[in-house]
Amino acid sequence: METIYTFVPSRNHEYPDHPERPGRLGIVEPLLDSFGAERVDAVRASVDEVARVHERGLIAGVEEVCKQGPGVIDHAPTYVTQTSYEDAMLAAGGVITCTRAVMRGEAKNAFAIIRPPGHHAEPDRAMGFCIFNNIAIAAQDALASRMERVMVIDYDAHHGNGTQAAFLHDERAGFISTHQWGIYPGTGWIEDAPHAKKRIANVPLHAYAGDETFSRISDAIFTPMVKAFRPQMLLISVGFDAHWNDPITSLGLSTRGYFNIAKKLAAMAEEYCDGKIVFVLEGGYDPQNVAHGVDSVFGALTNRPLKFEANDPSPHKDPDHEARIAEICKWQGLSSS
Ligand SMILES: [Zn+2]
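Participant: Give me the lowdown on the overall build of the protein, citing residues and values where you can.
Facilitator: If you tally the helices and strands in the protein, you get 10 helices and 10 strands. Taking 337 residues into account, the globule formula puts the C-alpha radius of gyration at 20 Å, and the protein, at 18 Å, falls close to it. For the protein, the C-alpha atoms occupy an extent of roughly 55 × 40 × 40 Å along the three principal directions. The burial tally for the protein puts 60% of its 337 residues in the buried class. Residue pairs in contact within the protein that sit at least 24 positions apart in sequence constitute 78% of those at least 6 positions apart. Working note: accessible area of the protein is about 12,500 Å², and carbon and sulfur atoms make up 48% of it.

Participant: Pulling in residues and values, what's your account of the coordination of the zinc ion?
Facilitator: Under perfect tetrahedral coordination by four donors, a metal shows angles of 109.5 degrees; under perfect octahedral coordination by six donors, it shows angles of 90 or 180 degrees. The protein atoms that coordinate the zinc ion are Asp-156 (OD), His-158 (ND1) and Asp-241 (OD), at distances of 1.9 to 2.1 Å. When the donors of the zinc ion are listed by position in the chain, the intervening gaps give D-x1-H-x82-D. Here the residue His-158 occupies a position in the loop between strand E6 (150–154) and helix H6 (161–167), and Asp-241 occupies one in the loop between strand E9 (233–238) and helix H8 (255–272), the gap between them amounting to 83 residues. Taking the relative accessible area as the measure of exposure, Asp-241 reaches 0% and is therefore buried.

Participant: Break down the packing of aromatic side chains for me, with residues and values.
Facilitator: Each aromatic ring pair is summarised here by two numbers: the centre-to-centre distance and the angle between the ring planes. Counted according to the given criterion, the structure contains 10 aromatic pairs. Residues Tyr-155 and Tyr-258 carry aromatic rings whose centres are separated by 6.0 Å and whose planes lie at 35 degrees to one another, so their mutual orientation is tilted. With Tyr-155 in the loop between E6 and H6 and Tyr-258 in helix H8, this pair connects stretches of sequence that are 103 residues apart. Tyr-155 sits in the buried class, given a relative accessible area of 1%. A relative accessible area of 2% means that Tyr-258 is categorised as buried. Aromatic ring contacts, followed pair by pair, group Tyr-5, Phe-35, Phe-111, Phe-279 and Phe-298 into a single cluster. The lysine or arginine in question, Lys-307, covers the ring of Phe-308, its NZ or CZ lying 5.8 Å from the ring centre.

Participant: Before we move on, can you summarise helix H10 (residues 322–332) with the specific residues and values?
Facilitator: When we look at burial in H10, the residues that qualify are Arg-324, Ile-325, Ile-328, Cys-329 and Gln-332. Along the axis of H10, the buried positions cluster into a sector of 135 degrees, meaning they face one direction only. Summarising the geometry of H10, the exposed residues directed more than 90 degrees from the buried face are Ala-323 and Lys-330. Next to the buried residues of H10 lie strand E8 (200–205) and helix H7 (211–229). Phi for Gly-333, located one or two positions after H10, is positive at around 80 degrees.

Participant: Report on the pairing of strand E7 (residues 173–180), specifying residues and quantitative values.
Facilitator: In terms of residue burial, E7 counts as a mostly covered element, since 8 of its 8 residues are buried. Relative to E7, E6 runs parallel, the two being bridged by 5 bridges. In the sheet register, Val-152 faces E7, and the bridge partner there is Phe-175. Here E7 pairs with E8 via 6 bridges, running parallel. Across the sheet, Thr-178 pairs through a bridge with Val-203, a residue of E8.

Participant: Give me the pairing of strand E5 (residues 109–114): which residues, what numbers.
Facilitator: Most of E5 sits out of view: 6 of its 6 residues are buried. Side chains Asn-109, Phe-111 and Ile-113 of E5 all project onto a buried face; the interleaved residues Ala-110, Ala-112 and Ile-114 project onto the opposite face, where all are buried too. Sheet topology note: the E5/strand E10 (residues 277–281) ladder contains 4 bridges and is parallel. Bridge pairing in E10 links Ala-110 to Val-278.

Participant: Quick rundown of the layout of surface pockets? Include the residues and the values.
Facilitator: Size it by volume and the largest pocket reaches roughly 170 Å³. Around the largest pocket, the lining is made up of 13 residues, and of these Ala-266, Ala-267, Glu-270, Ala-300 and Leu-301 lie nearest the centre. For the lining of the largest pocket, the secondary structure elements donating two or more residues are H8 and helix H9 (287–302). When residues of the lining of the largest pocket are assigned to their parent elements, the largest contribution, 5 residues, is made by H8.

Participant: Tell me about the pattern of salt bridges, and please be specific about residues and values.
Facilitator: Considering all chains together, one arrives at 18 salt bridges under this definition. Residues Glu-20 and Arg-24 are paired through a salt bridge, measuring 2.7 Å at the closest nitrogen-oxygen approach. Side by side, Glu-20 and Arg-24 carry an identical accessibility label, which is buried. Measuring nitrogen to oxygen at the nearest pair gives 2.8 Å for the salt bridge that ties Glu-322 to Arg-216. Of this pair, Glu-322 sits in helix H10 while Arg-216 is found in helix H7, placing the two residues 106 residues apart along the sequence.

The rules behind these values
Residues numbered from 1 in each chain as written. Predicted model: local features only at pLDDT ≥ 70, side-chain atom pairs only at ≥ 80, totals over all residues. Heavy atoms only, no water. Helix = DSSP H or I, 4+ residues; strand = E, 2+ residues; numbered from the N terminus. Rg over C-alpha atoms; globule rule 2.2 N^0.38 Å. Buried < 20%, exposed > 50% of the residue type's maximum accessible area, 1.4 Å probe, protein only. Contact = heavy atoms within 4.5 Å. Areas by Shrake-Rupley, 256 points an atom, 1.4 Å probe, with all protein chains shown as cover. Donors = N, O, S within 2.8 Å, 3.2 Å for Na, K, Ca; no water. Phe/Tyr/Trp six-rings, centres within 6.5 Å; stacked < 30°, edge-to-face > 60°. Lys NZ or Arg CZ within 6 Å of the ring centre and 35° of its normal. Arc of directions from axis to C-beta. Pairing = 2+ DSSP bridges. 1 Å grid on protein atoms, 1.4 Å probe; cavity = no way out; pocket = protein on both sides within 12 Å on 5 of 7 lines; lining within 4 Å. Points joined across faces, edges and corners; volume = space filled by probe spheres on them. Salt bridge = Lys/Arg side-chain N within 4 Å of Asp/Glu carboxyl O.

Here it is as structure tokens:
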């Protein structure tokens with residue numbers, strides 16, 4: 001097998017007028033056969049696997065609250081329905097299924113196309129449309145098996161606060177997050193984790209940060225961080241809400257920009273991680289962007305051109321981030337180039 005994917009659409013996890021809705025993946029589903037990757041069934045996560053990241057009281061609490069029927073469990077708002085506990089367990093399991101296959105060499109690389117998303121969920125609470133932290137759970141599964149170091153790179157538009165919290169005191173787990181500064185959840189400043197330089201890096205961005213800025217950050221921050229931390233596998237939190245026309249954020253990536261970052265990350269995995277890379281879906285609230293974005297990830301993983309030639313350059317000027325990049329490199333102790 002070369003590239004594999006899991007697909008967990010959670011069709012009954014929905015709430016009236018909520019942006020994190022089944023339609024985000026409904027548009028992708030009919031296209032899945034055309035991406036040149038092989039579908040693998042997601043295996044539901046066990047409570048013990050989820051408990052490597054989350055407190056058992058939270059896991060039991062989510063199961064209980066879902067039994068009571070639809071409701072809101074935090075102010076983001078994060079909602080649950082009667083199926084949400086099982087949906088979240090299957091979403092986390094879908095990422096584990098991918099990471100295990102890549103770790104064992106049964107697949108070259110993988111993409112977990114799942115919802116509900118995970119990167120805001122902290123060890124002791126569900127938040128930000130996220131119930132369990134899918135990517136952190138899969139990272140811990142890999143670390144409990146044969147991996148000594150893994151790194152998550154998160155380029156969703158929002159800070160991956162839950163992943164950062166899960167990895168904060170784990171020397172085996174690296175984390176880099178790019179995110180629009182000043183929006184939800186409000187964390188992710190450069191100096192968030194002073195004890196974890198060259199392991200945890202935050203890259204807060206000005207509004208409208210676009211293709212050029214992300215390309216530059218990949219070269220100036222992602223690559224030296226990967227070289228310094230030496231992960232054996234890259235796990236990527238990809239959110240398509242950094243696209244310029246996402247309805248709830250204000251960054252500036254185009255589909256072409258998404259493709260370029262995914263290609264750079266795949267090349268980075270090839271050079272430093274024996275090719276081992278797993279992409280995991282987080283946010284992205286315009287379904288067309290999600291479809292184009294999924295194409296960009298599969299294009300990078302299978303090494304082919306974009307299937308949809310989306311011509312959607314950002315109408316905004318990409319602000320200069322050189323001073324910000326220099327500040328981050330200095331703080332981390334990376335030689336800026
Ligand atoms: Zn997001």
